[in-house]
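Below, each chain spelled out in residue letters.
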Amino acid sequence: MREALTNLGALLLSASLAWGQQVVLSGQFTLSGQRSTSPYTLLFDDGFESGDTTAWDNTSHPAKTAVQGVIKHAGSYAVEFHYQIAAGAPASQDDNAWVSKVINPGYSHFFMRGYIYFKTPEVGIDTFPVQRKLIWLGDSTAANNNVGGNYQVIINSFTVTPNFKPDLRLVTQYNGGGACPGSQLSRDFYAGELNWDTWYGVEIEIVLNTPGSADGTLAVWLDGAQIYTASDVNFRRGCTTPISFFSIGEQVNRTNSQEINEYRYGDNWKIATGYIGP
């Protein structure tokens, strides 16, 4: 058995728990000692194979959100978000569409993995900076209120690269006052340009900081390759509340008065207590 595991392969064992979660053992084994994962608890798992968004607790804008079977990563369906802003003033505007899940009580250490697809904008490639919020986390316990808590942790994309393609970045913002006042904290990590019309697997690990200390951990994987890690992130300042609000989609923010008309897709999203992998 030991010899068999030295060959490149994967082991997957799962057992359902009484409350519907799963314990999963998933790992890769190589002669060079490549990372193997430990058993983890699967907190949430949705690939939209129900044909709708009912696995999530809230769909912010149903008219802009659809589960469709044309552009998908695996299985038969994926979620589609449509963002549209007409040309004209004011220059700075955003459009929103997202689904969210509340897990309460929340978690101070977790992994979240899913697949994201940026479709080429319907009005052509951006020639000005556009912000796209991809993953929005926070301590809100209301599924329909992404700013209902004290702080948010956001994985962003900005088309500010030389060819105006998406990338990945982190922004942590605070709602001001209370236990964790302060201004927005940006932590940029650049994985190179991402292509339009391509599925990307994105996984994050978050270990929230000790309240009052900058000792939080952020790790990011792109298609299974770790592209960023830091252990000095001040996610929540002095707040003590864990993350309980998990959402994907969120919004598009433009920086000038040009038209926005684009679609974004998501598939195979999981939240777990251990590394999930592609």
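Each value, and the rule that gives it
Residues numbered from 1 in each chain as written. Predicted model: local features only at pLDDT ≥ 70, side-chain atom pairs only at ≥ 80, totals over all residues. Heavy atoms only, no water. Helix = DSSP H or I, 4+ residues; strand = E, 2+ residues; numbered from the N terminus. Buried < 20%, exposed > 50% of the residue type's maximum accessible area, 1.4 Å probe, protein only. Contact = heavy atoms within 4.5 Å. Areas by Shrake-Rupley, 256 points an atom, 1.4 Å probe, with all protein chains shown as cover. Salt bridge = Lys/Arg side-chain N within 4 Å of Asp/Glu carboxyl O. Pairing = 2+ DSSP bridges. Core = buried A, V, L, I, M, F, W, Y, C linked by side-chain atoms within 4.5 Å.

(A) Layout of the overall build of the protein chain. If you tally the helices and strands in the protein chain, you get zero helices and 18 strands. The buried share among the 278 residues of the protein chain stands at 49%. In the protein chain, of all internal contacts separated by at least 6 residues, the share reaching a separation of at least 24 is 66%. Here the protein chain displays about 11,900 Å² of accessible surface, and carbon together with sulfur accounts for 50% of that area.

(B) Layout of the pattern of salt bridges. A complete count under the given rule lists four salt bridges for this structure. Among the ionic pairs, Asp57 bridges to Lys101, the shortest N-O distance being 3.5 Å. Here Asp57, found in the loop between strand 3 (40-46) and strand 4 (58-59), pairs with Lys101, found in strand 8 (residues 99-107); they are 44 residues apart in sequence, far enough to count as distant. The class of Asp57 is partly exposed, set by a relative accessible area of 42%. In this structure, the salt-bridge partner of Lys119 is Glu122, at a minimum N-O distance of 3.5 Å.

(C) Representation of the pairing of strand 14 (residues 199-207) within the structure. Counted residue by residue, strand 14 has eight buried out of nine residues, so it is predominantly covered. Here strand 9 (residues 109-118) runs beside strand 14; their pairing, made up of nine bridges, is antiparallel. Paired with Tyr117 across the two strands is Trp199, which belongs to strand 14. Sheet analysis places strand 14 next to strand 15 (residues 216-222), joined by six bridges and oriented antiparallel. Bridge assignment links Glu205 to a residue of strand 15, and that residue is Ala219.

(D) Spotlight on the environment of Val233. Inspection of the secondary structure assignment puts Val233 in strand 16 (residues 225-233). By relative accessible area, Val233 is classed as buried at 0%.

(E) A look at the nonpolar core. Ranked by size, the top nonpolar core spans 48 residues in total, and within it Met112, Leu137, Ile206, Ile243 and Ile248 carry the most contacts. Contacts of Met112, omitting those with residues within four sequence positions, involve Ile135, Leu137, Val202, Glu203, Ile204, Phe246, Ser247, Ile248, Trp269, Lys270, Ile271 and Ile276. If you look at the next biggest cluster of nonpolar residues, it comprises eight residues, including Tyr40, Ala219, Trp221 and Tyr275.

(F) How the structure looks around the pairing of strand 18 (residues 260-272). Taken across its 13 residues, strand 18 has 11 buried, putting it largely inside the fold. Inspection of the sheet shows strand 3 paired to strand 18 by four bridges, in the antiparallel sense. Residue pairing across strands places Asp45 opposite Lys270, the latter belonging to strand 18. Alignment of strand 6 (residues 78-85) against strand 18, held across seven bridges, turns out to be antiparallel. By the bridge assignment for strand 18, Phe81 is matched with Arg264. Sheet topology places strand 9 next to strand 18; seven bridges connect them, and they run antiparallel. By the bridge assignment, Tyr117 is partnered in strand 18 with Tyr265.

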